[in-house]
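Residues per chain, in single letters:
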Amino acid sequence: MRDRRRLPMVFAFMSLILVLSSCSIPFIPEVPPSSYSLEAAVNVLSNKYTLLESGWINGFGDIQLGDGRFAIFDGVDGFLMLFKYESNEEAKENWNKITKKYGNPLKIKYMKVNMGDYGVFTVRLENTDLYAWFKENWLIVITGDKIEGFVRDVNEIYKTVKR
């Protein structure tokens, strides 16, 4: 009888640990230097990844995000989208459009962290992962399958070029 009363407490404790650990930021987002153009922000990544295709876009899915660039790289099962705005607030507003459309805390692999001057969002959609982050006047969106390594590399490359 005593073990039956403990079971809900153990379950609640394990759920709390799971929730707290899933709220940690997977990375502190990095973006290209503000002096970079959209083209330069794509091209700097081609030092590590072979650029297959790049072009102009104005949004993601049916979400209008303004003028941006997309890029497809060899060996990456997905693509990168970059948007550069006049202000941090504009980047944050467009990031919020994505999180409102695709945000659902009941989804597997869901995380949203908004720290005011930067934000990170990730969610698993049917057969693809979506990563989006904003910082300064940049919005970066990466979508694809098994792209965690690519996301880390993009973030690390932008961190390195900002130094």
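Residues numbered from 1 in each chain as written. Predicted model: local features only at pLDDT ≥ 70, side-chain atom pairs only at ≥ 80, totals over all residues. Heavy atoms only, no water.

### What about the confidence of the model for the chain?
For step 1, the next point in the chain: Residues of the chain with pLDDT of at least 70 account for 84%, and the chain-wide mean is 87.
For step 2, the next point in the chain: Low pLDDT, under 50, characterises residues 14–24; the stretch is placed with three contacts to residues that sit more than four places away or in other chains. (pLDDT = per-residue confidence, 0-100. Contact = heavy atoms within 4.5 Å.)

### With respect to the packing of aromatic side chains
For step 1, the next point in the chain: Applying the stated criterion across every chain yields a total of seven aromatic pairs.
For step 2, the next point in the chain: Centroid distance Y49 to F150: 5.0 Å. Interplanar angle 85 degrees. Geometry classified as edge-to-face. Remark: F150 occurs in helix 4 (residues 148–162) and Y49 occurs in the loop between helix 2 (38–43) and strand 1 (51–60); sequence separation between them is 101 residues. The pair formed by Y49 and F150 is uniform in burial state, with each residue classed as buried.
For step 3, the next point in the chain: Judged by centre distance (6.5 Å) and plane angle (10 degrees), the rings of F83 and Y85 are stacked. The residues F83 and Y85 share a single accessibility class, namely buried.
For step 4, the next point in the chain: An aromatic cluster is built from Y49, F73 and F150, whose rings are joined through pairwise contacts. (Phe/Tyr/Trp six-rings, centres within 6.5 Å; stacked < 30°, edge-to-face > 60°. Helix = DSSP H or I, 4+ residues; strand = E, 2+ residues; numbered from the N terminus. Buried < 20%, exposed > 50% of the residue type's maximum accessible area, 1.4 Å probe, protein only.)

### Overview of the side chain of K92
For step 1, the next point in the chain: Relative to the assigned elements, K92 resides in helix 3 (residues 88–102).
For step 2, the next point in the chain: E89 provides the closest opposite charge to the buried, salt-bridge-free K92, at an N-O distance of 4.9 Å. (Lys, Arg positive; Asp, Glu negative; His and termini not counted. Salt bridge = Lys/Arg side-chain N within 4 Å of Asp/Glu carboxyl O.)

### As for unusual backbone geometry
For step 1, the next point in the chain: Phi angles above zero are rare outside glycine, and E136 is one such case at about 55 degrees.
For step 2, the next point in the chain: Relative to the helices and strands, E136 resides in the loop between strand 6 (128–135) and strand 7 (138–144).
For step 3, the next point in the chain: When its relative accessible area of 30% is taken as the criterion, E136 is described as partly exposed.
For step 4, the next point in the chain: Its identity as a non-glycine residue notwithstanding, K146 has a phi of 55 degrees, on the positive side.
For step 5, the next point in the chain: For K146, the position within the fold is in the loop between strand 7 and helix 4.

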